[in-house]
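What follows is each chain in one-letter form.
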Amino acid sequence: MKVLVAVKRVVDYNVKIRVKADQTGVDLSNVKMSMNPFDEIAVEEALRMKEAGTADEVIAVSIGVQQCQETIRTALAMGADRGILVKTDAVLEPLHVAKILKAVVDEEQPGLVILGKQAIDDDCNQTGQMLAALLGWPQGTFASEIEFADGKANVTREVDGGLQTLKLNLPMIVTTDLRLNEPRYASLPNIMKAKKKPIDEKTPEALGVDMAPHLTTLNVAEPPKRQAGVIVENVAELVHKLRNEAGVI
Ligand code: AMP
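Bear in mind that the values here come from a model prediction, so they are computed numbers and not experimental data.

About the criteria used
Residues numbered from 1 in each chain as written. Predicted model: local features only at pLDDT ≥ 70, side-chain atom pairs only at ≥ 80, totals over all residues. Heavy atoms only, no water. Helix = DSSP H or I, 4+ residues; strand = E, 2+ residues; numbered from the N terminus. Buried < 20%, exposed > 50% of the residue type's maximum accessible area, 1.4 Å probe, protein only. Contact = heavy atoms within 4.5 Å. Areas by Shrake-Rupley, 256 points an atom, 1.4 Å probe, with all protein chains shown as cover. Arc of directions from axis to C-beta. Pairing = 2+ DSSP bridges. Right-handed = clockwise from strand over helix to strand, strands pointing away. Expected span 1.5 Å × (residues − 1). Salt bridge = Lys/Arg side-chain N within 4 Å of Asp/Glu carboxyl O. Near = heavy atom within 4 Å. Polar contact = N/O pair within 3.5 Å; in protein donor to acceptor, adjacent residues only side chain to side chain. Axes fitted to C-alpha atoms, helices over the stretch in contact; angles between N-to-C directions. Core = buried A, V, L, I, M, F, W, Y, C linked by side-chain atoms within 4.5 Å. Patch = residues over 30% accessible without salt bridge, like charges linked within 9 Å, V, L, I, M, F, W, Y side chains within 5 Å.

Undergrad: How do you make sense of the overall build of the chain when you look at a structure like this?
TA: The number of helices and strands found in the chain is six helices and eleven strands. If you line up the chain on its principal axes, its C-alpha atoms span 65 × 45 × 40 Å. A total of 249 residues make up the chain; the buried ones form 40% of that total. For the chain, restricting intrachain contacts to residue pairs at least 6 apart in sequence, the fraction spanning at least 24 positions comes to 71%. Carbon and sulfur atoms form 52% of the exposed surface of the chain, whose accessible area is close to 14100 Å².

Structure representation (structure tokens):
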């Protein structure tokens, strides 16, 4: 079975985000970019499937600017077999990405597509669900465990207050939650090997996807600054402040 993994290039999770002075978006100049952390988990899961003999090819797909190639190279260095870059400078919305992924799925015919449950830049949590709807495939979102048996998959999902296990027919869509696995680091020899692995380039136009925007961002603002804390001398003072200043008791 072929496994397609969607890997998004996002601002590294360690970077302190700066909002542009004109409040139209986030300042991306000289900012470290990395693979979306949930997508690293998606790549890891696909590689474990390959090692277990459930998958025979792992393909990493990224959509966006030319530099998304670096994100694909990271997936290749982790162990993916080949990459597909769908190159565009357009502002991407989840529906665009889902339509592009659908076109790639139609060409590649994978048995499974794994995505992150959300991208840490836009926090949309929509792409996997939209892709499942466009394809008419079953979906196991927020997966914390995937088991394959008899041509079906049991996907355990992290839901409020517990775990839910679904039996899904293949082909299917999975989106990853944090506890699914711990992604591996790429070794130096594998980073070198990844340089020779193929990355196919496509465009949304060639895949027949209209990139017209459906959304307009009106404003991006930083959260309000937190007030400094106060150290109280004793419990009596704390109770006094909670009652008379905060008004919470
Ligand atoms: P979102 O719906 O934007 O929160 O993204 C959910 C998941 O969709 C991500 O974790 C990725 O797996 C995938 N995805 C979103 N945008 C892209 C992109 N531009 N390229 C590749 N994968 C993407």
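Picking up after the structure, the text goes on.
Undergrad: Mind showing me how you'd approach helix H4 (residues 127-135) here?
TA: Because an α-helix completes one turn every 3.6 residues, residues spaced three or four positions apart along the sequence face the same direction. Of all the positions in H4, only Thr127, Gly128, Leu131, Ala132 and Leu135 are classed as buried. Along the axis of H4, the buried positions cluster into a sector of 135°, meaning they face one direction only. Summarising the contacts, the buried residues of H4 are in contact with helix H3 (94-108), strand S6 (112-116), strand S7 (139-149) and strand S10 (172-176). Gly136 occupies a position one or two residues after H4 and carries a positive phi of about 70°.

Undergrad: Just checking my understanding: could you explain the pairing of strand S5 (residues 82-87) for this structure?
TA: By the criterion of burial, S5 is predominantly enclosed, with five of the six residues buried. Across six bridges, strand S4 (residues 57-64) lies against S5 in parallel orientation. Of the residues in S5, the one forming a bridge with Ile63 is Val86. As for the winding sense of the linkage, the β-α-β connection from S4 through helix H2 (residues 68-78) to S5 is right-handed. Here S5 pairs with strand S11 (residues 199-202) via four bridges, running parallel. Bridged to Val86 within S11 is Lys202.

Undergrad: Would you mind going over helix H1 (residues 37-51) with me for this structure?
TA: End to end, H1 covers 21 Å across 15 residues, agreeing with the expected 21 Å (1.5 Å per residue, within 8%). If you check which residues of H1 are buried, you get Phe38, Asp39, Ile41, Ala42, Val43, Glu44, Glu45, Ala46, Leu47 and Met49.

Undergrad: What is the right way to read the pattern of salt bridges from this model?
TA: A side chain of one charge can pair with a side chain of the opposite charge when the charged atoms of the two come close. Going through the model one piece at a time under the given rule, you end up with 19 salt bridges. Between Arg184 and Glu51 there is a salt bridge, with its nearest N and O atoms 2.7 Å apart. In this pair, Arg184 sits in the loop between S10 and helix H5 (188-194) while Glu51 sits in helix H1, placing the two residues 133 residues apart along the sequence. A salt bridge links Glu107 to Lys202; the shortest N-O distance between them is 2.9 Å. Residue Glu107 is found in helix H3, and its partner Lys202 is found in strand S11; the two are separated by 95 residues along the sequence.

Undergrad: Any chance you could explain the site of the ligand here in plain terms?
TA: Of all residues adjacent to the ligand, which total 19 residues, the nearest are Asp39, Ile63, Ala119, Asn125 and Thr127. In this structure, Asp39 approaches the ligand through a side-chain N or O atom, which is 2.5 Å from an oxygen atom. Between an oxygen atom of the ligand and a main-chain N or O atom of Ala119, the distance comes to 2.8 Å. Summarising the interface, the protein chains cover 99% of the accessible area of the ligand, which totals 480 Å² for the free molecule.

Undergrad: Sorry, what's going on with the sheet that holds S10 here?
TA: Across a sheet, strands are paired by hydrogen bonds formed along the backbone, either parallel or antiparallel in direction. One open sheet accounts for nine strands, arranged S9-S8-S7-S10-S6-S1-S4-S5-S11; its pairing is mixed. Of all strands in the sheet, those with a lone pairing partner are strand S9 (162-169) and S11, marking the two edges. Strand-to-strand twist in this sheet, taken as the mean axis angle between neighbours without regard to direction, amounts to 30°. Pairing of S7 with S10, which is carried by three bridges, proceeds in the parallel orientation. Counterpart to Gln139 in the pairing with S10 is Ile173. Against the sheet, H4 engages S6, S7 and S10, with an angle of about 175° to S10.

Undergrad: What's the story with the nonpolar core in this structure? I'm lost.
TA: Generally speaking, soluble globular proteins have nonpolar side chains that are buried together. Judged by nonpolar contacts, the single largest core of 34 residues is most densely connected at Val3, Val5, Val43, Ile146, Val155, Met172 and Val174. Contributions of two or more residues to this core are made by strand S1 (2-6), H1, S4, H2, S6, S7, strand S8 (152-159) and S10. Ranked by residue count, the leading element in this core is H1, at seven residues. When sequence neighbours within four positions are dropped, the list of residues in contact with Ile146 reads Glu45, Ala153, Asn154, Val155, Met172, Val174 and Leu180.

Undergrad: What am I meant to see in a nonpolar patch on the surface here?
TA: On the surface, Ile17, Val26 and Leu28 cluster together to form a nonpolar patch covering roughly 230 Å² of accessible area. Position of Ile17 relative to the elements: it lies in the loop between strand S2 (9-11) and strand S3 (33-35).

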